[in-house]
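Inside the fold
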Amino acid sequence: MAKLLEGKVVAERIKEQIKKDVAVLKIKPVLASVMVGENAGAETYVKSQKKNAENLGIEYQFHKLAADTSESALVEFIQKLNADKTVNGIIIQMPLPAQIDYKKISQHILPQKDIEGMHPANIGKIVFGKAIILPCTPAAVMELLKETGVDLYGKEVVIVGHSEIVGKPLALLLLEKFATVTVCHIGTSKAGKLEEHVRKAEILIVAVGKAGLIKGDLVKEGAIVIDVGINRVADKIVGDVEFEAAEKRASYITPVPGGVGPLTVTMLMRNLVEAAKSQ
Ligand code: NDP
């Protein structure tokens, strides 16, 4: 039976370090959070970020803009935050209204204040192994792997999902540790090859958003399973991996909820403190 890899436990330890780091800064770091329009899901996320920030001694500045804000008006607003020396980090809440393209917007945040780690300059630094601000979910996955004590050198790692926020940057971080990385995506599934890749994974990381996509009996005996997926099924939150069957075969597995999720927001706060230190 697999050991549970609980993000909450790891997050508590990292939060203690963040508090110490905040204490030695000469300022109270400020996180500016920008939301455009109304969204119940995003508001829940904002509340959790605010609580997390305040518990760590971080000021959470919330800016809510009208739903009909244009792309250029949002860029102007971001530029004001960029120029404001009291603001250390900026986060744009998703989803954005249809008239705004997140990819365009995220490029206007100063890389030094991009605490989600999604500015092309920050993503680019990962290629050179020089990143200070890492995208939050890949950073959370790396922390969970560290928790297992596994040496990544030469390990067969299979990532399912190649999104810009999870799979692609995570593949680069794992390469940096000399893991042998296979990245699967919709093309792999359509070619009927997903199962054969999943079966060989010593470390399996799944970030797709489809409940039950990975059958538990495909998991290699003793594998480490990190399930990033979040799916609502009949009022329950589940991941992308069939948990009960996978748990019997894996050596470590993340629960959903309670695995990667709680660490992701902690990584955001760690990025903010790193940003404040470097400014
Ligand atoms: P995206 O929709 O951006 O990416 C999903 C990826 O899965 C794409 O690469 C897609 O390929 C691939 N995919 C889709 N269907 C299949 C399939 N049948 N077989 C193989 N690959 C497939 O999602 P995100 O990366 O943003 O998020 C993924 C999941 O992780 C979601 O459930 C999300 O809620 C969760 N998440 C959790 C976080 C946390 O903190 N725990 C943070 C971020 C995300 P293609 O694009 O080619 O179709």
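Along each chain, residues carry numbers from 1 onward, in the same order as the chain's sequence is written. Per-residue local features are limited, in this predicted model, to residues with pLDDT of at least 70; the limit for side-chain atom pairs, both in listing and counting, is 80 or more; totals at the level of whole chains, interfaces and linings are taken over all residues. Remark: hydrogens and water are excluded; side-chain values derive from all non-hydrogen atoms of the structure.

Of the grid points, spaced at 1 Å and generated over the protein atoms alone, those admitting a 1.4 Å probe that cannot get out make up cavities, while open sets with protein on both sides within 12 Å along at least five of seven lines make up pockets; any residue with an atom within 4 Å of a point is treated as lining. Grid points are joined across faces, edges and corners, and a volume is the space filled by probe spheres set on the points. One number sums up the size of the largest pocket: a volume of about 1,200 Å³. In this structure, the largest pocket is lined by 43 residues; those nearest its centre are Tyr 45, Thr 137, Ile 165, Val 166 and Thr 264. Under the DSSP-based scheme used, a helix requires at least four consecutive residues in state H or I and a strand at least two consecutive residues in state E, with every element numbered from the N terminus. Among the elements of the structure, α2 (40-55), β4 (89-92), α4 (102-106), α5 (120-127), α6 (136-148) and α11 (260-278) are those that each provide at least two residues to the lining of the largest pocket. When residues in the lining of the largest pocket are grouped by element, the largest group, six residues, is from α11. Here the residues of the lining of the largest pocket sort into 27 nonpolar, 12 polar and four charged. The split of the chain into domains comes from an automatic or database domain assignment. Here the lining of the largest pocket spans two domains, and each of domain 1 (25-113) and domain 2 (136-261) adds at least three residues to it. Charged residues are taken to be Asp, Glu, Lys and Arg, nonpolar residues to be Ala, Val, Leu, Ile, Met, Phe, Trp, Tyr, Cys and Pro, and polar residues to be all remaining types, Gly included.

This part takes up the packing of α6 against α11. Geometry is summarised by axes, namely lines fitted to C-alpha atoms with helices restricted to the contacting stretch, and by angles between N-to-C directions that run from 0 to 180 degrees. Axis separation between α6 and α11 bottoms out at 8 Å; the angle between their running directions is 110°. Judged by the angle between their axes, α6 and α11 are roughly perpendicular. The two elements α6 and α11 cross, and the hand of that crossing is right-handed. Contact with α6, carried on its side by Cys 136, Thr 137, Ala 139, Ala 140, Val 141, Glu 143 and Leu 144, involves Val 260, Leu 263, Thr 264, Met 267, Leu 268, Arg 270 and Asn 271 of α11 and no other residues of that element. An angle counts as roughly parallel when it lies under 35 degrees, as roughly antiparallel when it exceeds 145, as roughly perpendicular when it falls between 65 and 115, and as oblique in every other case. Left-handed describes a crossing whose near helix is turned anticlockwise from the far helix through less than a right angle; right-handed describes the clockwise counterpart. The contact criterion used is simple: two residues touch if any of their non-hydrogen atoms lie within 4.5 Å.

On to the domain arrangement of the chain. When its domains are assigned, the chain resolves into domain 1 (25-113) and domain 2 (136-261). A C-alpha centroid distance of 29 Å is found between domain 1 and domain 2.

With that out of the way, let us pick up the site of the ligand. The full set close to the ligand counts 21 residues, and His 162, Ser 163, Ile 186, Ser 189 and Thr 264 are the nearest of them. Residues adjacent in sequence count toward polar contacts only when both atoms are side-chain atoms; beyond that, a polar contact is any pair of N or O atoms within 3.5 Å, and within protein one must be able to donate a hydrogen and the other to accept it. With respect to the ligand, the backbone of Ile 230 contributes an N or O atom lying 3.0 Å from an oxygen atom. A distance of 2.8 Å separates an oxygen atom of the ligand from a polar side-chain atom of Thr 264. For the ligand, whose unbound accessible area comes to 930 Å², protein coverage reaches 71%. Contributions of two or more residues to the shell around the ligand are made by α8 (186-190) and α11. The element contributing the most residues to the shell around the ligand is α11, with three residues. Residue composition of the shell around the ligand, by class: 10 nonpolar, 10 polar and one charged. Near residues are defined by distance, with any heavy atom within 4 Å of the molecule or strand qualifying the residue. In this description, accessible areas are obtained by the Shrake-Rupley approach with a 1.4 Å probe, and a residue is regarded as covered only by the protein chains that are shown.

As a further point, take the environment of Tyr 45. For Tyr 45, the position within the fold is in helix α2. With relative accessibility at 40%, the residue Tyr 45 sits in the partly exposed group. Separated by 10 residues in the primary sequence, Tyr 45 and Met 35 have C-alpha atoms spaced 11 Å apart. Relative accessibility thresholds used throughout: buried, under 20% of the residue-type maximum; exposed, over 50%; partly exposed, between the two (1.4 Å probe, protein chains only).

This next bit is on the nonpolar core. Definition used in this section: a nonpolar core is a set of buried Ala, Val, Leu, Ile, Met, Phe, Trp, Tyr and Cys residues joined via side-chain atoms within 4.5 Å. Ile 58, Leu 145, Leu 174, Ile 205, Ile 226 and Met 269 are the most contacted members of the largest nonpolar core, which has 53 residues in total. At 10 residues, α11 tops the list of elements feeding residues into this core. When residues of this core are assigned to domains, at least three map to each of domain 1 (25-113) and domain 2 (136-261). Beyond its immediate chain neighbours, meaning those up to four positions away, Ile 226 contacts Leu 5, Val 141, Leu 144, Leu 145, Leu 204, Ile 205, Val 206, Thr 254 and Val 260. Judged by nonpolar contacts, the second largest core, of 19 residues, contains Phe 77, Ile 78, Ile 92 and Ile 100.

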